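An overview of the molecular structure
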Amino acid sequence: MSAKNIPNRIILPESQVPQQWYNLRADMRTKPAPFLNPGTGEPMRAEELYPVFCEELVRQEMDDDTAFIDIPGEILDYYRTYRPAPLHRAYQLEKALGTPAKIYYKFEGNNTSGSHKLNSAIAQAYYAKQQGLRGITTETGAGQWGTALAMACTHFDLPLIVYMVKGSFTQKPYRRSVIQTFGARIVPSPSDTTDAGRGILEKMPDTSGSLGCAISEAVEKAVTTEGYRYVLGSVLNQVLLHQSVIGLEAKAAMESVDEYPDVVVGCAGGGSNLGGLIAPFMQDKLTGKANPRVVAVEPASCPSFTRGRFAYDFCDTAKITPMAKMYTLGSGFIPRANHAGGLRYHGMSPILSQLYHDGLMEAISCEQTKVFEAAALFSKAEGILPAPESAHAIRGAIDEALLCKESGEAKTILFGLTGTGYFDMSAYEQYLSGTMTDEIPTDEELRAFEA
Ligand SMILES: *Cc1c(COP(=O)(O)O)cnc(C)c1O
C-alpha cells in the first residue's frame, strides 16, 4: 500500500475490540520474580494476597502460563463505548520534523479519564463487584487513575475511596471535582484516617505527599475495612494484562495497512501503558517472528530503569505491601519539587524490569524541558494537547525520527499517546514562562534512598 493511501486515523470497527487479553508472561523464558512476603522472605501465596486484592485479580496476578484470557462480556460492553481507540498516522508531525520516518501513535486519551487507565479500571471494578465486595480503595497521583476508577465504580455501583496525593489535591481542584462528580470519596494523603498517614504526618507535617505514601494509606484502609479491597492502576502484572488491549488493537490497525513498527516507544511510570502497547510486539520478539526495538522513556527526575537497581523492594513508602523484584530507586524516593512531568513512581513493573534486565528492551531518560518542548511541538503539529507523561514518549519518538532524518532511513515508529493534558496546564505554564528547571537527582541523593 502506498503511503498516501494510509488514512490519518485508522479506526477499527467495534467488532474488533479484542475478545481476549494477552498475557506476555506466558511467552517469557525468564518469568518476572514472584512477590515476597517481607516477614518470611518466602514467595507470597494466593491466600496471603486475598485480604488485599480481589481473588480473580490475584489469580491473574500469579498466572505466568495462560497466554490468552477471555475478557468477560460486561467488560467488553464497556470497552465498546470507547474502543477501539484510534491509531493515528502523524503526517503533520513528520512534516514538521522533515523526517523520512513514518510515525504512528496509538491515542488512548479519548475518554473522560483522559488516559489509558480506564482499560484496567473497568476490569478491576468488575471483578470486585463479582466478588460481592462492599467497596474498594485506591490512590491517585496526577488524578487520571482516580478518575478512571471513579468512572468504572459508578458503572458497577461500587463505592470507592481515593487517597489523592496532597500536592495534586491542592494543585488540581478540577481533577478532584471530576472524580467527585463520578461519586467517589477523596481523601488527601497523607491523612489522619490511617496509621500510615498519621505516622508520616508526625515526621513531615508539611509534606505534599507521594504516591508511595498514598498507596500505604489505601492498602491499610482496605485491609482494615470489612468487605473492602485495594486496587492499583499500574505496576502489577494484572494491570499490564488488561492494558494489552492497547497493543493488540495497535498491531491489528497497523496490519490493516500493511505496516509493522521497527521501533515501539512508550513512556514509563509504573509501566502499564508500555507493557500493554508492546505486548504483542514483544510476543513476536520472544517467539522469533519479528525483532522490533522497544524503548521506554522515563523522566530524568525519576529514573528507575536507567539509574535504579534491579532488586526486591517495597511498593509503598510505609513498607506494608509485599516486596516486588523490580528496577527501583528505593521505596522512600520522592522526585524533587521542581519535577512537573508525572511518572513519579519509585519502582517499575516486574514484567518490564525482567525484560529490560534480559536485554529485550531499552530505556532512556529525558530532562523535562526537552519533554515539554516535544509536547508543544506535537500539539502544534497534530492538534492534540498531550499529557506530560505521554510527552515523554513523544520526545523519544521525535528523537528516533530525527535520527532517521540524519541517516535518511525511513523507519516505521510507533508510540503510545497515553492521554491528554488539560489538567496539567500549570506545568505547561512553567514551561512556557521559562521557569521550568532541569535539576536532576545526584548519585548521592539516589544512594540515600536505596533500599
Ligand atoms: C498514569 C499515566 C501514565 C503512566 O503510567 P504507566 O503505568 O507507566 O502507563 C502515562 N500516561 C498517562 C496519561 C497516565 O495517566
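Structure: see above.
First, a word on what this report is: a plain description of the structure on this page. Within each chain, residues carry numbers counting from 1 in the order of the written sequence. The model is predicted, so local features are restricted to residues of pLDDT at least 70 and side-chain atom pairs to those at 80 or more, both for listing and for counting; the totals for chains, interfaces and linings are taken over all residues. Based on all heavy atoms of the structure, the side-chain values leave hydrogens and waters out of the count.

Moving on, we get to the overall build of the protein chain. Here a strand is any run of E in DSSP of at least two residues, a helix any run of H or I of at least four, and the numbering for each starts at the N terminus. Assigned secondary structure in the protein chain consists of 18 helices and 15 strands. With the principal axes as the frame, the protein chain shows a C-alpha extent of 60 × 50 × 40 Å. Under the scheme applied here, a residue whose accessible area is under 20% of the maximum for its type counts as buried, over 50% as exposed, and between as partly exposed, the area being computed with a 1.4 Å probe on protein chains only. Considering the protein chain as a whole, with its 451 residues, one finds that 62% of them fall into the buried category. A separation threshold of at least 6 residues defines the contact pool for the protein chain, and within that pool the share at least 24 residues apart is 76%. We call two residues in contact whenever any of their non-hydrogen atoms come within 4.5 Å of each other.

Let us now look at the site of the ligand. A cutoff of 4 Å decides nearness: a residue is near a molecule or strand if any of its heavy atoms lies inside that distance of it. Taken together, 17 residues lie near the ligand, and K117, S234, G269, S272 and T418 sit nearest. In the analysis that follows, any N or O atom pair within 3.5 Å is treated as a polar contact, provided that within protein one partner can donate a hydrogen and the other can accept it, and provided that, for residues neighboring in sequence, both atoms belong to side chains. A distance of 2.7 Å separates a nitrogen atom of the ligand from a polar atom in the side chain of T418. The protein chains shown are the only cover counted for residues, whose accessible areas, like all others here, come from Shrake-Rupley with a 1.4 Å probe. Protein contacts shield 94% of the accessible area of the ligand, which totals 380 Å² for the unbound molecule. Polar here means any residue other than Ala, Val, Leu, Ile, Met, Phe, Trp, Tyr, Cys and Pro, which are nonpolar, and Asp, Glu, Lys and Arg, which are charged; Gly is therefore polar. Each residue belonging to the shell around the ligand can be placed in one class, and the counts come to four nonpolar, eleven polar and two charged.

For helix 14 (residues 350–357), the tally of buried residues reaches seven of eight residues, placing the bulk of the element in the interior. Buried within helix 14 are the following residues: P350, I351, L352, S353, Q354, L355 and Y356. Its buried side turned inward, helix 14 meets helix 11 (237–256), helix 12 (272–286), helix 13 (304–307), strand 12 (309–314), strand 13 (323–328) and strand 14 (362–366). Looking one or two places after helix 14, you find G359, whose phi comes out positive at around 75°.

Quick look at the pattern of salt bridges now. Any two side chains of opposite charge can pair, so long as their charged atoms come close to each other. Definition used for salt bridges: Asp or Glu carboxyl oxygen within 4 Å of a side-chain nitrogen of Lys or Arg. In the structure shown here, the tally under the stated rule is 21 salt bridges. Between R25 and D64 there is a salt bridge, with the nearest N and O atoms lying 3.6 Å from each other. Residue R25 is found in the loop between strand 2 (20–22) and helix 1 (46–49), and its partner D64 is found in the loop between helix 2 (55–62) and strand 3 (68–70); the two are separated by 39 residues along the sequence. Considered together, R25 and D64 belong to a single accessibility category, that of buried residues. When the shortest N-O distance is used, the salt bridge between E47 and R45 registers 3.0 Å. Classification of E47 by relative accessible area gives partly exposed; the value is 48%. A relative accessible area of 49% places R45 in the partly exposed class. The structure contains a network of salt bridges with shared partners spanning R83, K106, E108 and E249.

Moving on, we get to the pairing of strand 15 (residues 412–417). Along strand 15, six of the six residues are buried, which leaves the element largely enclosed by surrounding structure. Side chains of strand 15 alternate between two faces, with T412, L414 and G416 and I413, F415 and L417 buried alike. Pairing geometry for strand 5 (residues 102–107) and strand 15, over six bridges, is parallel. Counterpart to I103 in the pairing with strand 15 is I413. Pairing between two strands requires that DSSP report at least two bridges joining them. Two elements, strand 10 (residues 263–267) and strand 15, share three bridges in a ladder whose sense is parallel. Note on strand 15: the bridge partner recorded for V265 is F415.

Position of S120 among the secondary structure elements: in helix 5 (residues 118–130). With relative accessibility at 0%, the residue S120 sits in the buried group. Ignoring any residue separated from it by four or fewer positions in sequence, one finds S120 in contact with W145, V239, H242 and Q243.

To continue, consider the side chain of T420. Position of T420 relative to the elements: it lies in the loop between strand 15 and helix 17 (425–432). The exposure class assigned to T420 is buried, which follows from its relative accessible area of 9%. With near-sequence residues (within four places) excluded, T420 lies in contact with F107, G109, G114, I384, L385, P386 and A387.

Here we have four strands laid out as an open sheet, ordered 8-7-6-9, and parallel in their pairing. Single-partner strands in this sheet number two, and they are strand 8 (185–189) and strand 9 (228–230). Strand-to-strand twist of the sheet, defined as the mean angle between neighbouring strand axes without regard to direction, takes the value 25°. Direction of pairing for strand 7 (residues 160–165) relative to strand 8: parallel, over a ladder of five bridges. Looking at the pairing, V162 lines up with I186 of strand 8. Fitting a line to C-alpha atoms yields each axis, with helices limited to the stretch in contact; the angle taken between N-to-C directions then spans 0 to 180 degrees. On the sheet, helix 6 (residues 144–155) packs against strand 6 (135–140) and strand 7 and is oriented at approximately 160° with respect to strand 6. Each of strand 6, strand 7, strand 8 and strand 9 touches helix 10 (residues 211–223); the most contacted strand, strand 6, lies at about 170° to it.

Counting rule for disulfides: a pair of cysteine sulfur atoms within 2.5 Å. On inspection of all chains with the given rule, the structure shows zero disulfides. Between C213, a free cysteine, and C315, which holds the nearest cysteine sulfur, the sulfur-to-sulfur gap is 15 Å. For C213, a relative accessible area of 3% corresponds to the buried category. Between C404, a free cysteine, and C366, which holds the nearest cysteine sulfur, the sulfur-to-sulfur gap is 16 Å.

A separate point is the packing of aromatic side chains. Stacked, edge-to-face and tilted labels apply to pairs of Phe, Tyr and Trp rings (six-membered ring for Trp) whose centres lie within 6.5 Å, assigned for plane angles under 30 degrees, over 60, and everything in between, in that order. Evaluated as defined, the whole model comprises 17 aromatic pairs. Geometrically, the ring pair formed by Y105 and F378 is edge-to-face, given 5.2 Å between the ring centres and 75° between the ring planes. With Y105 in strand 5 and F378 in helix 15 (residues 368–382), this residue pair connects regions lying 273 residues apart in the sequence. The exposure class of Y105 is buried, given its relative accessible area of 0%. When the ring of Y105 is compared with that of F415, the centres are 5.4 Å apart and the planes differ by 25°; the resulting orientation is stacked. One end of the pair, Y105, is in strand 5; the other, F415, is in strand 15, with 310 residues separating them in the sequence. In this structure, Y105 and F415 share a single accessibility class: buried. Positioned over the ring face of F169 is R176, at 4.2 Å from the centre of the ring. Look at NZ for Lys and CZ for Arg. If either is within 6 Å of the ring centre and within 35 degrees of the ring normal, a charge sits over the ring.

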